[in-house]
Structures are given as C-alpha cells and as structure tokens.
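Residues per chain, in single letters:
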Amino acid sequence: QVQFVESGGGLVQPGGSLRLSCAASGFTFSSVAMSWYRQAPGKERELVAGITSGGGSTKFGESVKGRFTISRDNVKKTVYLQMNSLKPEDPAVYYCNAGWERPLFNRDDYWGQGTQVTVSS
C-alpha cells in the first residue's frame, strides 16, 4: 500500500540547516512528481516544494524560495528537502506526498507521520 516515511527533522537554531528525507512506496515513484508540505499548529497544510518525476523542474512556496531545495533519487524512491537559513516561521510538521498541483494520495491514512522541525535559539 502507499506509504510515506519522513525523517530528518529536529531542533535547529535560526539560520541553521536541516535535510529532510521521505521514503515512498506502494506506487511507481519514478513516474510521479513529488512534493513537500508543512503544517504548523492552527494552520492549514501548505505546499513547500515540488519536483517533477525526472527531477528536471522544481517549484517552491514564496516563503522558502532561495532557502530550500528539493531533490529526489528514483532508485532509492526517496525525495529530499534541504532547508537552509531556517527562520522562526519555518517550524512545522513536514510531510511529503506524490503529485504536483495537489496531493495524489490525500486520504488521512496515506499521509505519513511527518517530521517535526523546530527553530529556536
């Protein structure tokens, strides 16, 4: 079945960096775009970054442009999010899902557990 396992979150000081990973299974990973989302307490889930199936195109939310990069390894079926220059407004639980415009697997039971990112001095 479809599964997403996110990892790599943690506590980092403002200006610091983290690299998130998401291992996916249960679908043809190399054929679909992948995206990262985040959800902060009391807020809607928002798109952070996306990458096409072959990795040739990427997109980013306005608040993270220039600071975050997204990449993927189709052999390992893993998508990565490199987060640099982290700001106090970046803390959230970060999730990945398939899709470009919207999550392909949007049932509650498809979403992974996410990985918590905390930015604090």
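In what follows, the structure referred to is the one given above.
None of these values were measured; they are calculated from a predicted model.

How each quantity is defined
Residues numbered from 1 in each chain as written. Predicted model: local features only at pLDDT ≥ 70, side-chain atom pairs only at ≥ 80, totals over all residues. Heavy atoms only, no water. Pairing = 2+ DSSP bridges. Helix = DSSP H or I, 4+ residues; strand = E, 2+ residues; numbered from the N terminus. Axes fitted to C-alpha atoms, helices over the stretch in contact; angles between N-to-C directions. Buried < 20%, exposed > 50% of the residue type's maximum accessible area, 1.4 Å probe, protein only. Disulfide = S-S within 2.5 Å. Polar contact = N/O pair within 3.5 Å; in protein donor to acceptor, adjacent residues only side chain to side chain. Core = buried A, V, L, I, M, F, W, Y, C linked by side-chain atoms within 4.5 Å.

The next point concerns the sheet that holds strand 4 (residues 34-39). The strands making up a sheet associate through backbone hydrogen bonding, with each pair oriented either parallel or antiparallel. The mixed open sheet is built from six strands, whose spatial order is 2-10-9-4-5-6. The outermost strands of the open sheet, each flanked by one partner alone, are strand 2 (10-12) and strand 6 (58-60). Taking each pair of neighbouring strands and ignoring which way they run, the sheet shows an average axis angle of 25 degrees. Relative to strand 5 (residues 46-51), strand 4 is paired through five bridges, and the arrangement is antiparallel.

Even without glycine at this site, Lys77 takes up a positive phi of about 55 degrees. With respect to the element layout, Lys77 can be found in the loop between strand 7 (68-73) and strand 8 (78-83). For Lys77, a relative accessible area of 38% translates into the label partly exposed. At Ser85, a residue that is not glycine, the phi angle is positive and equals roughly 50 degrees. Note that Ser85 resides in the loop between strand 8 and strand 9 (92-98). Residue classification places Ser85 among the partly exposed positions, given a relative accessible area of 40%.

This part covers the pairing of strand 9. The element strand 9 is extensively covered by neighbouring structure, given that seven of its seven residues are classed as buried. Strand direction decides the pairing type here: strand 4 and strand 9, joined by six bridges, are antiparallel. By the bridge assignment, Gln39 is partnered in strand 9 with Val93. With three bridges joining them, strand 9 and strand 10 (residues 115-119) adopt antiparallel strand pairing. Following the sheet pairing, Val93 is matched in strand 10 by Gln116.

Glancing now at the state of the cysteines. Linking two cysteines covalently via their sulfur atoms produces the bond known as a disulfide. A full pass over the atoms with the stated rule returns one disulfide. Note that Cys22 is cross-linked by a disulfide to Cys96, the S-S spacing being 1.7 Å. Note that Cys22 is positioned in strand 3 (residues 18-25) and Cys96 in strand 9, a separation of 74 residues in sequence. On the accessibility criterion, Cys22 (0% relative accessible area) is buried. Among the residues examined, Cys96 registers a relative accessible area of 0% and is labelled buried.

What follows concerns the side chain of Asp90. Summarising the element assignment, Asp90 is placed in the loop between strand 8 and strand 9. Side-chain polar atoms of Asp90 contact the side chain of Arg67, separated by 2.7 Å.

Turning to the nonpolar core, a few remarks are in order. Grouped together as the largest cluster of nonpolar side chains are 30 residues, with contacts concentrated most on Phe27, Met34, Trp36, Leu81 and Tyr94. Sorting the residues of this core by element identifies strand 3, strand 4, strand 5, strand 7, strand 8, strand 9 and strand 10 as the ones contributing at least two each.

These figures come from the coordinates and say nothing about function on their own.
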